[in-house]
Amino acid sequence: MSELDALVVGGGVSGLVLAHYLAETGLAVEVWERDGRVGGKIKTISKQGYRLDNAASMVMNFQRELDGFIDSASLTASKRGRSSNNQRYILHAGRLQPAPASIGSLFNTPLLSTRAKLRLLAEPLIIRGTDPHESVADFVTRRLGQEFVSKVFEPYLSGPLASDVERAEAWSTMPRLTALEQRYGSLALGALLRRLKRRGTAARPEVFSFAGGMQTLIESLAERRGFAVRTGMAVVELRRVKKGWNVRAENDGVTTSLNCRQLVLCTPAYTAASLLQILDPEISRLLKTIDYAPVSVVHTGFERARINHPLDGSGFLLPANGGYLPNGCLWISSQFSDRAPTDRVLLTSYLGGARNPTAANCCENRCLHAVMPMLRELLGARGDPEMLHVARHRRALPLYHDDYSRRLAAIGERLEFLPGVHLGANYIGGVSIRDRILYANRLTARILHRHKQMSGTADLETAFELVPAMAAAR
Ligand SMILES: Cc1cc2nc3c(=O)[nH]c(=O)nc-3n(C[C@H](O)[C@H](O)[C@H](O)COP(=O)(O)OP(=O)(O)OC[C@H]3O[C@@H](n4cnc5c(N)ncnc54)[C@H](O)[C@@H]3O)c2cc1C
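## Some remarks on the layout of surface pockets
- In this structure, the second largest pocket encloses a volume near 350 Å³.
- For the lining of the second largest pocket, the secondary structure elements donating two or more residues are α15 (404–415), β19 (421–423) and α16 (433–455).
- With 5 residues, the single largest contributor to the lining of the second largest pocket is α16.
- Across the lining of the second largest pocket, the residue classes tally to 10 nonpolar, 4 polar and 3 charged.

As structure tokens, then:
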């Protein structure tokens, strides 16, 4: 039977980026993907001249490590920055108001009352929190006041993260913000000190996609020569063998099996749970407790002349009490010029999430009925869209809810008894593409370490030198 250094199960962006990093170290790597295509949630399609991303539509970056990744994956030439007008709006009192983008703008924004602004001044005096499972709502109320929760944080968590501000664990959901409190005792002072400390060395924040959409990221990774990708391989069984793990997959009734030293499950948590059921029922139970929120992505294309709003920014978010069903809308064609035909605009709205999961189940027609009042009243849309496409994700995003970090820590402890088995999808380390790249980078170091322990052949120091982005991060 053939034997491999590392098998990555699941060819979504998490699995592909990890395979890329592992292959760069010289390990023999394969990716086994259940579907007939790689990419998982990420897929770009063309319809009536519009280019539509079914899940992630852009990468938000403020970490230097990402530059190394883009370079090593030969993606520099296809990277496309978004428009410089990236103002995000939040609905307040029936109008779209610019979302505050800096500490200074918090004192000018009409989103917050004078009382809430004065409360901000007390932030540096609030003592550090000690509850590692505190919710985002409790964390923000404690540090910034309750108004910040409903008017700023709730829309951000319900929209891009499909999460529930009352249940999202602050330390897992906003690790950089909570770290400011832990390290400096204050968000405002911490942000200021960190900026001063990193002056001249910090990465410039940027938002980008790729020519051809996010699919280009996937294709570029999958076409790289360093590792093999096999599609149509639904992994159904894992067994412990003398030198690692035996993995069995089924493809149209044909069974394929392979032995590997390192096995990385980059599938959603519920799939990892069923694959690990026999090997460790407790890990399986813990993985099953990770809930996912459904999201429907509603793409609408209009003639430019049929939208009154200048669409001068990136889009808007809606608060729970805003009176509309969707969580928000992105003005994709204002951000990336190749997404809509000339004189047309692409507006992408999001339904569902933890706030309103049933809204994601609507048929295409009802989705249109759910987004049109919002587009008519807030953007002055006239008539029906000339293009409509709905991408449904029944289990779109994992929810970092309740005592999330406790459950992940328990999973990590038990994984020690399955040497060579690793978990690497978006329920660990953040859901964004940026976080998936950073996490894959860190996981590569851990896998190499384990590989060295198990086989005695991999030289960790040499491996670090082979991964430029990883070396930079040390
Ligand atoms: C609507 C939406 C919008 C988003 N927008 C953004 C955005 O703008 N920017 C951003 O940074 N992020 C965004 N995200 C988040 C980001 O797209 C996801 O977190 C990321 O794509 C998840 O990748 P993954 O590889 O972890 O999981 P998945 O994409 O779910 O991949 C898992 C893979 O495992 C495979 N698999 C499952 N079972 C098996 C098995 N038994 N054997 C073999 N293979 C198996 C699946 O077929 C799948 O290909 C968005 C997500 C959604 C849903």
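## What about helix α6 (residues 146–158)?
- Here α6 spans 17 Å end to end across 13 residues, near enough to the 18 Å set by a 1.5 Å rise per residue.
- In α6, a bend of some 40 degrees at valine 152 exceeds every other bend along the element, and proline 155, a proline, comes one to four places later.
- Buried within α6 we find Phe148, Val149, Val152, Phe153, Glu154, Pro155, Leu157 and Ser158.

## Considering the domain arrangement of the protein
- Taken domain by domain, the protein comprises domain 1 (3–38 + 220–290 + 401–473), domain 2 (44–85 + 293–396) and domain 3 (101–197).
- Relative to domain 2, the C-alpha centre of domain 1 lies at a distance of 31 Å.
- Counting residues at the interface gives 16 residues for domain 1 and 16 residues for domain 2.
- Carbon and sulfur atoms supply 68% of the area buried between domain 1 and domain 2, which totals about 1400 Å² over both sides.
- A per-residue breakdown of the area domain 1 buries against domain 2 is headed by Tyr270, Arg434 and Leu438, which together make up 37% of the total.
- Our count for the domain 1 to domain 2 interface comes out at 0 salt bridges.
- Our enumeration of links across domain 1 and domain 2 arrives at 5 residue pairs in polar contact (both at pLDDT 80 or more).
- Broken down by secondary-structure element, the contributors of at least two residues to the side of domain 1 that touches domain 2 are α1 (13–24), α10 (215–222), α16 and α18 (468–473).
- Here the side of domain 1 that touches domain 2 takes 5 residues from α16, the largest share from any one element.

## Remarks on the site of the ligand
- Inspection of the region around the ligand gives 33 residues, with Ser14, Glu33, Met58, Val431 and Ile433 positioned closest.
- Valine 13 places a polar main-chain atom, nitrogen or oxygen, 3.2 Å from an oxygen atom of the ligand.
- When the ligand is considered free in solution it has 1000 Å² of accessible area, and contact with the protein chains removes 93% of it.
- Only α1, β11 (234–241) and β18 (387–398) provide two or more residues apiece to the shell around the ligand.
- Looking at the shell around the ligand element by element, the count peaks at 3 residues for β18.

## What about the environment of glycine 226?
- Inspection of the secondary structure assignment puts glycine 226 in the loop between α10 and β10 (228–230).
- Residues glycine 226 and alanine 28, 198 residues apart in the sequence, show an inter-C-alpha distance of 8.1 Å.

Conventions adopted
- Residues numbered from 1 in each chain as written.
- Predicted model: local features only at pLDDT ≥ 70, side-chain atom pairs only at ≥ 80, totals over all residues.
- Heavy atoms only, no water.
- 1 Å grid on protein atoms, 1.4 Å probe; cavity = no way out; pocket = protein on both sides within 12 Å on 5 of 7 lines; lining within 4 Å.
- Points joined across faces, edges and corners; volume = space filled by probe spheres on them.
- Helix = DSSP H or I, 4+ residues; strand = E, 2+ residues; numbered from the N terminus.
- Nonpolar A, V, L, I, M, F, W, Y, C, P; charged D, E, K, R; others polar.
- Expected span 1.5 Å × (residues − 1).
- Bend = angle between axes of the 7 residues up to and from the residue.
- Buried < 20%, exposed > 50% of the residue type's maximum accessible area, 1.4 Å probe, protein only.
- Domains from an automatic or database assignment.
- Contact = heavy atoms within 4.5 Å.
- Buried area = accessible area lost by both parts, 1.4 Å probe.
- Salt bridge = Lys/Arg side-chain N within 4 Å of Asp/Glu carboxyl O.
- Polar contact = N/O pair within 3.5 Å; in protein donor to acceptor, adjacent residues only side chain to side chain.
- Near = heavy atom within 4 Å.
- Areas by Shrake-Rupley, 256 points an atom, 1.4 Å probe, with all protein chains shown as cover.

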